[in-house]
Amino acid sequence: MRATELLARDHRAVRDLFLQFERTPLDDGSSRQDLFDRIVDELDVHAAAEEAVFYPAVRQASRRIDDAESGHAHLRAIVAEVREYDPASSDFTAGVRLVKRIVLAHVMEEEGGVFLDAERMGTQALERLGAELAERKEALARSGRRAA
Amino acid sequence: MAMNPFDERGIPLERQIRTWKQVALPPYRKQDVDAFTRCRVILMNGIEMEAAIFSHAFARACDDPDLKGQLAALRRVEHQQQNTINWLNPADQSVLETTIGYEQVAIELTAYLARTEPDEYVKQAFEFGLLEDFDHLYRYAQLLDLIHGKDPNEILQGRTDVLPARPTQDHHNDPFLRVLNHYEKTRAHPRSKVNVLTLMAGEQQTMNFYKTVGNFYGSPEARQLYAEISNVEEEHVTQYESLMDPTETWLEKWVMHEFTEVANYYTCMETEIDPRIKKVWEIFLSCELEHLRIAGEMLRRLQGKEPQEICGTELPTPATFESNREYVTRVIKEQSALRLVSGGKWASLDELPEDWASFAYQRVVHEHGAPSESVVRLRMEAAGVELVRAEDPELEAAAGEHRVSSLDPDPAANTAPATYTALEPVRREAEPGDHGGEPRLVNPLDDPTWPGSAETPGRKPGRKGKER
């Protein structure tokens, strides 16, 4: 699979998790906390694999990588803040909503910009990167790494 | 007059919507409006048009309903702003009179921006475009005289010369040549970003205006001239938008748009002499300060960047309308013979290769002549001379010579001569409405099914003129 397709699938998966979160009743604090943890895990693995494999390889084809990396840093800072809130509180709800909006803005720039730049590298290179990304994601998921 | 827009407070968004009566304000009187007030009205309509076009494009790329909603809320206000501004132009101002105003904006705005542009490459791009708009004014001025019998100075009020520059028939380029090299967003001066966006917005509205109103005249010469010049304006939009860094994020572009709007309204407010219209600029500036705050807040929350990183804190003054005569004259003298070559560069006419890409394009579009040349010839036939207006009599006297000497080596067939005495009288035997058996519409591809073609079924081929 091409690296860009794999990353776009991750984007869709995390968007689905946000939808699930929004459908969970406000008074179901533990489900909300669980879902948020899953979202954060998903984002952590995605961002770490992207930074270790995808961004360094694409940097020569795209001038948007600095922005993409600073977007990750911003996301991590906000996630760290939201983690401090009580999952039943309105601050938590507002915080998760902001995390979702940051993710959507990031996805918009990445899919509309970085991925198009990456296409210049050609199918072979992107498929090779895809395999490498999948491997890295699996290793990260196994180790249960949490970057934020 | 430096102002930090981030220190100012605007009108809260919920108070920015106005009633229809407040939206459709009475227009200015064309008989006594100041030429530069009209220029500000025309420019700010273009700035708001770009705001709407950009915001819709942004919304279509955006998957965040909250952000889409915010964009929609600001668009609603800016829609009203644009209505108010554009409709300050009165109903009795003819399309051609307004067109002269549009070209005055294009010339004086481009010249001011070029003069104050810190980036040498961007400056060169502006100067190149300047000479083209300058020549458009001269072409439309012939038409204004022919159709309305008016002097262009009724509109220009002597602030802008009417002279040929790089001839319009040479403005048609291979599309790839119009793509220039962009600035880099992290290195460019904020003023360059504002200048480029302002000029692109102005040219875009000019293109849209000509494309929309060129059919308001029945005369084929007028229709063709509008078609030709609106096509050049399309090239100008291509040229100026290609100067922008494509890696600016949507949110950064949004901030830049709002900052540019603030800068333009602020300049209008500071320089306006009509007290009623000054109030309009002041109110809209207050609206835009809030829009800038909202866009900046979104950039901060969603991308973790400060808006000042994108546009700085010092407000430039792009919408400054003042005399640029000396500057424009110098650019005409030095750069009329410049042409676009590949790689976003320029070369002199005598350096162009024989297979210069734009020759091929010009051969196609000019196969039946260049309307921008026909209109000069028509004026010569009607009044004996072409119409020129310049403060410097020497410049006025040398106009025709200059016009012809800056032509491509491969000019269109109907190029008007340098002096009217060289013009052979044209005998017109046909009655009005009779095309002497020639099809009125000519298909450049010689397709027999093209409307108006002699072979089109159901039409009478080769109709002869009526006998008296």
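Residues numbered from 1 in each chain as written. Chains lettered and ligands numbered in written order. Predicted model: local features only at pLDDT ≥ 70, side-chain atom pairs only at ≥ 80, totals over all residues.

**Student:** How should the overall build of chain B be read in this particular structure?
**Tutor:** In terms of helices and strands, chain B carries 16 helices and 2 strands. For chain B, the proportion of its 468 residues judged to be buried stands at 46%. Taking as baseline every contact in chain B between residues at least 6 positions apart, the subset at least 24 positions apart corresponds to 83%. (Helix = DSSP H or I, 4+ residues; strand = E, 2+ residues; numbered from the N terminus. Buried ≥ 20, exposed ≤ 12 C-beta atoms within 10 Å, placed from the backbone. Contact = placed C-beta atoms within 7 Å.)

**Student:** Sorry, what's going on with the overall build of chain A here?
**Tutor:** Helices and strands together make up the secondary structure of chain A, namely 5 helices and 0 strands. N-terminal to C-terminal, the α/β element order of chain A is α-α-α-α-α. A compact globule built from 148 residues should have a C-alpha radius of gyration of about 15 Å, and chain A, at 16 Å, falls within 12% of that. The principal-axis extents of the C-alpha atoms in chain A amount to approximately 50 × 30 × 25 Å. Within chain A, the proportion of its 148 residues that are buried is 38%. Within chain A, residue pairs in contact and separated by at least 24 positions form 74% of the contacts whose partners lie at least 6 positions apart. (Rg over C-alpha atoms; globule rule 2.2 N^0.38 Å.)

**Student:** Please explain the interface of chain B and chain A as it appears in this structure.
**Tutor:** By a widespread convention, an interface's size corresponds to the accessible area lost as its parts come together. With 14 residues of chain B at the contact, the number on the chain A side is 15 residues. Taken together, the residues of the side of chain B that touches chain A break down into 6 nonpolar, 4 polar and 4 charged. (Nonpolar A, V, L, I, M, F, W, Y, C, P; charged D, E, K, R; others polar.)

**Student:** What exactly am I supposed to notice about the pairing of strand 1 (residues 338-341) of chain B here?
**Tutor:** It is a general feature of regular strands that their side chains alternate between the two faces of the sheet. Residues and elements named next belong to chain B. As paired elements, strand 1 and strand 2 (residues 345-348) share 4 bridges and run antiparallel to each other. Its bridge partner lying in strand 2, R339 is registered against A347. Between strand 1 and strand 2, which pair antiparallel and follow one another directly, the connecting turn spans 3 residues, one of which, G343, has a positive phi of 85°. (Pairing = 2+ DSSP bridges.)

**Student:** Before we go on, may I ask you to explain the packing of helix 2 (residues 29-58) of chain A against helix 3 (residues 65-83) of chain A in this structure?
**Tutor:** For any two helices packed against each other, one specifies the inter-axial angle together with the distance between the axes. Residue and element names in this part refer to chain A. In the contact formed by helix 2 and helix 3, the axes pass within 11 Å of each other and the chain directions differ by 160°. Relative to helix 3, the element helix 2 lies roughly antiparallel. For helix 2 against helix 3, the interelement crossing comes out left-handed. Here helix 2 contributes V40, L43, A47, E51, Y55 and V58 to the contact with helix 3, which in turn contributes I65, A68, E69, H72, L75 and V79. Of the residues belonging to the contact of helix 2 with helix 3, the class tally is 9 nonpolar, 1 polar and 2 charged. (Axes fitted to C-alpha atoms, helices over the stretch in contact; angles between N-to-C directions. Parallel < 35°, antiparallel > 145°, perpendicular 65-115°, else oblique. Left-handed = near helix turned anticlockwise from the far one by under 90°.)

**Student:** Is there a simple way to explain the nonpolar core in this structure?
**Tutor:** Across soluble globular proteins, nonpolar side chains show a tendency to be buried alongside one another. By size, the foremost hydrophobic cluster in this structure holds 123 residues, and its most contacted members are B:L130, B:V255 and B:V262. Counting residues per element, this core draws most heavily on helix 5 (residues 120-148) of chain B, at 14 residues. Grouped together as the second largest cluster of nonpolar side chains are 17 residues, A:A49, A:V114, A:A118 and A:L140 included. (Core = buried A, V, L, I, M, F, W, Y, C linked by C-beta atoms within 7 Å.)

**Student:** Explain unusual backbone geometry to me, please; I cannot follow it from the model alone.
**Tutor:** With the exception of glycine, the majority of residues adopt a negative phi angle, and the majority of peptide bonds are in the trans configuration. In the Ramachandran plot, B:Q157 falls in the positive-phi region, its phi being about 55° despite a non-glycine side chain. Relative to the elements of secondary structure, B:Q157 occurs in the loop between helix 6 (153-156) and helix 7 (190-213).

**Student:** Which parts of the structure should I look at to understand helix 3 (residues 65-86) of chain B?
**Tutor:** One turn of an α-helix holds 3.6 residues; hence residues three or four places apart share an orientation. An ideal rise of 1.5 Å per residue puts 32 Å on 22 residues; helix 3 of chain B measures up with 31 Å between its terminal C-alpha atoms. In the core, the buried residues of helix 3 of chain B are packed alongside helix 4 (90-118) of chain A together with helix 1 (20-23), helix 2 (35-61) and helix 10 (275-303) of chain B. (Expected span 1.5 Å × (residues − 1).)

**Student:** Where do I start with helix 4 of chain A in this structure?
**Tutor:** Its 29 residues place the ends of helix 4 of chain A 40 Å apart at the C-alpha level, agreeing with the 42 Å of an ideal helix rising 1.5 Å per residue. Within helix 4 of chain A, the axis deviates most sharply at A:E110, by approximately 40°. (Bend = angle between axes of the 7 residues up to and from the residue.)

**Student:** Sorry, what's going on with the environment of B:T98 here?
**Tutor:** Residue and element names in this part refer to chain B. Mapped onto the elements of the fold, T98 is located in helix 4 (residues 95-116). Taking the C-alpha atoms as reference points, T98 and I155, 57 residues apart in sequence, are found 8.4 Å from one another. In contact with T98, not counting residues within four places along its chain, are N89 and Q93.

**Student:** Please clarify how the packing of helix 7 of chain B against helix 9 (residues 250-271) of chain B should be interpreted in this entry.
**Tutor:** Residue and element names in this part refer to chain B. One can describe the packing of helix 7 onto helix 9 by two numbers: an axis separation of 10 Å at closest approach and a directional angle of 85°. Considered as vectors, helix 7 and helix 9 are oriented roughly perpendicular to each other. Within the contact between the two elements, helix 7 uses K193, V194, L197 and T198 and helix 9 uses M256, H257, F259, T260, A263 and N264. Looking at the contact of helix 7 with helix 9 residue by residue, the class counts come to 5 nonpolar, 4 polar and 1 charged.

**Student:** Please clarify how the environment of A:A73 should be interpreted in this entry.
**Tutor:** Residues and elements named next belong to chain A. Following the sequence through the fold, A73 ends up in helix 3. With 10 C-beta atoms packed within 10 Å, A73 lands in the exposed category. On a C-alpha basis, the gap between A73 and T123 in space is 29 Å, while along the polypeptide they are 50 residues apart.

**Student:** Looking at this model, I keep getting lost on the confidence of the model for chain B. Mind explaining?
**Tutor:** Note that predicted coordinates carrying low pLDDT should not be read in detail. Residues and elements named next belong to chain B. Per-residue confidence for chain B gives a mean pLDDT of 90; residues scoring 70 or more make up 88%. Contacts of residues 440-444 to residues separated by more than four positions or lying in other chains number 9 contacts, the stretch itself having pLDDT below 50. A low-confidence stretch, residues 452-468 (pLDDT under 50), is modelled with 22 contacts involving residues beyond four sequence positions or located in other chains. With pTM at 0.90, the complex prediction returns an ipTM value of 0.93. (pLDDT = per-residue confidence, 0-100.)

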